[in-house]
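Given next are the chains, with one letter for each unit.
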Amino acid sequence: MAKTKELSVEDKLRALYSLQLIDSKIDEIRNVRGELPLEVEDLEDEVAGLTKRLEKYKADLDSIDAQIKEKKNAIDDHKAAIKKYLEQQKNVRNNREYNSLTKEVEFQELEIQLAEKHIKEMKASIEHKKEVVSQTKEKLDSKQSHLKHKKAELKDIMAETEKEENLLMDKSAEYEKQIEERLLAAYKRIRGSVRNGLAVVSIERGASAGSFFTIPPQTQMEIAGRKKILTDEHSGRILVDNVLADEVKEEMEKLFAKL
């Protein structure tokens, strides 16, 4: 298999700084979206949760309705039993049979009272649940409306930026292929550890961009010589000289203009 041509240190620095500018451009695009994708995701979760809650309330209401019907059927059965026992009392042969039937009637009446009490409680529960359902529906409608608005907002932003982002990501992948794995891994590690994502920076007023720590003149000369890759001892960022940085920026500006 043919070996790829070994890049000079200067070429590596150019590829690294180009990659940094492209990745920073991608960061800018994503920052425009801000927290919007997460907001949409959170709202979708809320809507799903409220929808599931409403389904549960509906199932509870159906279950209570079924229980009320059962209680009403039981009351009808108890009333039928009372009627039967009262008829039997007319044909009893002694007091013992009469008293036994009287107790059965009393028991059935108690069962009716208990069933009516349960029905009353269940009807109160239904009214409470219906109120909760109404409040939940109102909240769900509000969240769905908010979600629709946020989705439309995100769609508009995505329509404006998605094409450019995809092209930039393709360019980022192209430049990554030019950089040896060890160096690329270092770049990604540094980029992931700093808040602004800047792993490769130029020297500004004797210090690395964004830093107040002065770089010794000898080190600055070595950086300008482009003979080895040097990092800032304070931030760990890879350093490039201003001239190279300006040249790469000009190239990247032309590239960005075409996207």
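Model, not experiment: these values are computed from the prediction.

### Considering the sheet that holds strand E3 (residues 238-240)
- On the basis of which strands lie adjacent, the open sheet formed by three strands has the order E2-E1-E3 and mixed pairing. At either end of the open sheet lies a strand with only one pairing partner, and these are strand E2 (207-208) and E3.
- Judged from the two bridges that link them, strand E1 (residues 200-204) and E2 form a sheet pairing that is antiparallel. The residue of E2 that forms the bridge with Glu204 is Ala207.

### Observations regarding the environment of Ser208
- With respect to the element layout, Ser208 can be found in strand E2.
- Sequence spacing of Ser208 and Val240 is 32 residues, and the spatial spacing of their C-alpha atoms is 8.9 Å.
- With sequence-adjacent residues up to four places away left out, Ser208 is seen in contact with Val201, Ser202, Ile203, Phe213, Ile215, Asp232, Ser235 and Leu239.
- At 3.1 Å, the side chain of Ser208 forms a polar contact with the side chain of Asp232.

### What to know about the pattern of salt bridges
- All told, the structure shown has 22 salt bridges when counted by the stated rule.
- Across the pair Glu180 and Lys12 runs a salt bridge whose closest N-O atoms are separated by 2.7 Å. Of this pair, Glu180 sits in the loop between helix H3 (95-178) and helix H4 (181-193) while Lys12 sits in helix H1 (residues 9-33), placing them 168 residues apart in sequence.
- Glu180 sits in the partly exposed class, given a relative accessible area of 29%.
- With relative accessibility at 15%, the residue Lys12 sits in the buried group.

### Here we look at the packing of H1 against H3
- Taken N-terminus to C-terminus, the directions of H1 and H3 make an angle of 160°; their axes are 9 Å apart at the nearest point. Judged on the interaxial angle alone, H3 and H1 are roughly antiparallel. Every pair of crossing elements has a handedness; the one defined by H1 and H3 is left-handed.
- Grouping the amino acids of the contact of H1 with H3 by side-chain chemistry returns 11 nonpolar, four polar and nine charged.

### Focus: a negative patch on the surface
- A surface patch of like charges, here negative, comprises Asp246, Glu250, Glu251 and Glu253.
- Structurally, the position occupied by Glu251 is in helix H6 (residues 242-258).
- Since its relative accessible area comes to 43%, Glu251 is described here as partly exposed.

### Considerations on the confidence of the model for the chain
- Looking at the chain as a whole, its pLDDT mean stands at 92, while 98% of the residues score no less than 70.
- Across the chain, element-level confidence peaks in helix H2 (residues 36-89) with a mean pLDDT of 96 and bottoms out in E2 with 81.

### Structural notes on the pairing of E1
- Along E1, four of the five residues are buried, which leaves the element largely enclosed by surrounding structure.
- The pairing of E1 with E3 spans three bridges and is parallel. When the sheet's bridge partners are listed, Val201 is paired in E3 with Leu239.
- Here E1 folds back onto E2 in antiparallel fashion, the turn holding two residues, of which Arg205 has a positive phi close to 50°.

### Details of the environment of Ile179
- Note that Ile179 resides in the loop between H3 and H4.
- Along the chain, Ile179 and Glu97 lie 82 residues apart, while their C-alpha atoms are 104 Å from each other.

### Some details on the environment of Lys155
- Of note, Lys155 is situated in helix H3.
- Considered as a pair, Lys155 and Tyr175 are 20 residues apart in the sequence and their alpha carbons are 29 Å apart.

### Topic: the packing of H1 against H6
- At a closest axis distance of 10 Å, the pairing of H1 and H6 adopts a crossing angle of 50°. Here H6 runs oblique to H1, going by the angle between their axes. Handedness of the H1/H6 crossing: right-handed. On H6, the residues touching Glu10, Leu13, Arg14, Tyr17, Ser18, Leu21, Ile22 and Lys25 of H1 are Leu244, Ala245, Glu247, Val248, Lys249, Glu251, Met252, Leu255 and Phe256.
- Among the residues forming the contact of H1 with H6, the class breakdown is 10 nonpolar, one polar and six charged.

### Things to note about the side chain of Asp23
- When you line up the elements, Asp23 lands in helix H1.
- Side chain to side chain, Asp23 and Tyr187 meet in a polar contact 2.7 Å long.
- Not counting the four nearest positions on each side in its chain, Asp23 is found in contact with Ser172, Tyr187 and Arg191.

Cut-offs applied
- Residues numbered from 1 in each chain as written.
- Predicted model: local features only at pLDDT ≥ 70, side-chain atom pairs only at ≥ 80, totals over all residues.
- Heavy atoms only, no water.
- Pairing = 2+ DSSP bridges.
- Helix = DSSP H or I, 4+ residues; strand = E, 2+ residues; numbered from the N terminus.
- Contact = heavy atoms within 4.5 Å.
- Polar contact = N/O pair within 3.5 Å; in protein donor to acceptor, adjacent residues only side chain to side chain.
- Salt bridge = Lys/Arg side-chain N within 4 Å of Asp/Glu carboxyl O.
- Buried < 20%, exposed > 50% of the residue type's maximum accessible area, 1.4 Å probe, protein only.
- Axes fitted to C-alpha atoms, helices over the stretch in contact; angles between N-to-C directions.
- Parallel < 35°, antiparallel > 145°, perpendicular 65-115°, else oblique.
- Left-handed = near helix turned anticlockwise from the far one by under 90°.
- Nonpolar A, V, L, I, M, F, W, Y, C, P; charged D, E, K, R; others polar.
- Patch = residues over 30% accessible without salt bridge, like charges linked within 9 Å, V, L, I, M, F, W, Y side chains within 5 Å.
- Areas by Shrake-Rupley, 256 points an atom, 1.4 Å probe, with all protein chains shown as cover.
- Lys, Arg positive; Asp, Glu negative; His and termini not counted.
- Charge placed at Lys NZ, Arg CZ, Asp CG, Glu CD.
- pLDDT = per-residue confidence, 0-100.

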